[in-house]
Amino acid sequence: MALPSALSNQPEPSADSPDFAAFFAQSEPMLRRAFVAQFGVDLGREAASEALSYGWSNWSRVGVMANRRGYLFRVGQRWARRQRNRSRRPALGRYEPPQLESSFEPGLGAALDKLSPQQRVSVALVVGFGYSHQQVADMLGLSRSSVQTHTERAMASLKKTLGVIKSKEPRT
């Protein structure tokens, strides 16, 4: 456990420090993607922005935490849930792939809507963006095996919903 900066010989981290800039560059894409997967594009981007703004304004406290990304994920998650409850937005609007991207399955948005939030976040980050199970687990505050299970169940559900799983033909 790190000592509070007041008790250590090191100067207190500031929001302008290179540490925050490096943290931001490394963490912003993963946080944004996780929030968009959980809350939809608009609310997800706002949640990422709010979480990182909180991290910047409280960097002296957040900067010494062991799991800064996970802490800010919870901050953004709380913020998004409050916003959703206040405005009564749908949890995740139907996903509309960009028009230029013709490689998406047309039924993918509806299939993703049927997943639980944890399954949706897990499959988006692990399968869609290539993060490791451990990286996602650290951010979500789950075990690696839980993230793996969420991802496997999400993939099975997506395959079933999209008709990718072929029915077993009887042996003759």
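Residues numbered from 1 in each chain as written. Predicted model: local features only at pLDDT ≥ 70, side-chain atom pairs only at ≥ 80, totals over all residues. Heavy atoms only, no water.

Visitor: Got a sec to walk through the environment of Y131? Specific residues and values, please.
Guide: Mapped onto the secondary structure, Y131 falls in the loop between α6 (117-128) and α7 (133-140). The class of Y131 is buried, set by a relative accessible area of 15%. Taking the C-alpha atoms as reference points, Y131 and M30, 101 residues apart in sequence, are found 8.5 Å from one another. In contact with Y131, other than residues within four places in its own chain, are P29, M30, R33, L125, V126 and V136. At 3.1 Å, the side chain of Y131 and the side chain of R33 are in polar contact. (Helix = DSSP H or I, 4+ residues; strand = E, 2+ residues; numbered from the N terminus. Buried < 20%, exposed > 50% of the residue type's maximum accessible area, 1.4 Å probe, protein only. Contact = heavy atoms within 4.5 Å. Polar contact = N/O pair within 3.5 Å; in protein donor to acceptor, adjacent residues only side chain to side chain.)

Visitor: Report on the nonpolar core, specifying residues and quantitative values.
Guide: L31, F35, L72, F73, L125, V136 and M139 are the most contacted members of the largest nonpolar core, which has 30 residues in total. The residues that make up this core include at least three from each of domain 1 (14-89) and domain 2 (101-172). Sequence-distant contacts of F73, defined by excluding residues within four places in its chain, comprise L31, A34, F35, Q38, M139 and L140. By size, the runner-up hydrophobic cluster in this structure holds seven residues, among which are A111, L112, L115 and V123. (Core = buried A, V, L, I, M, F, W, Y, C linked by side-chain atoms within 4.5 Å. Domains from an automatic or database assignment.)

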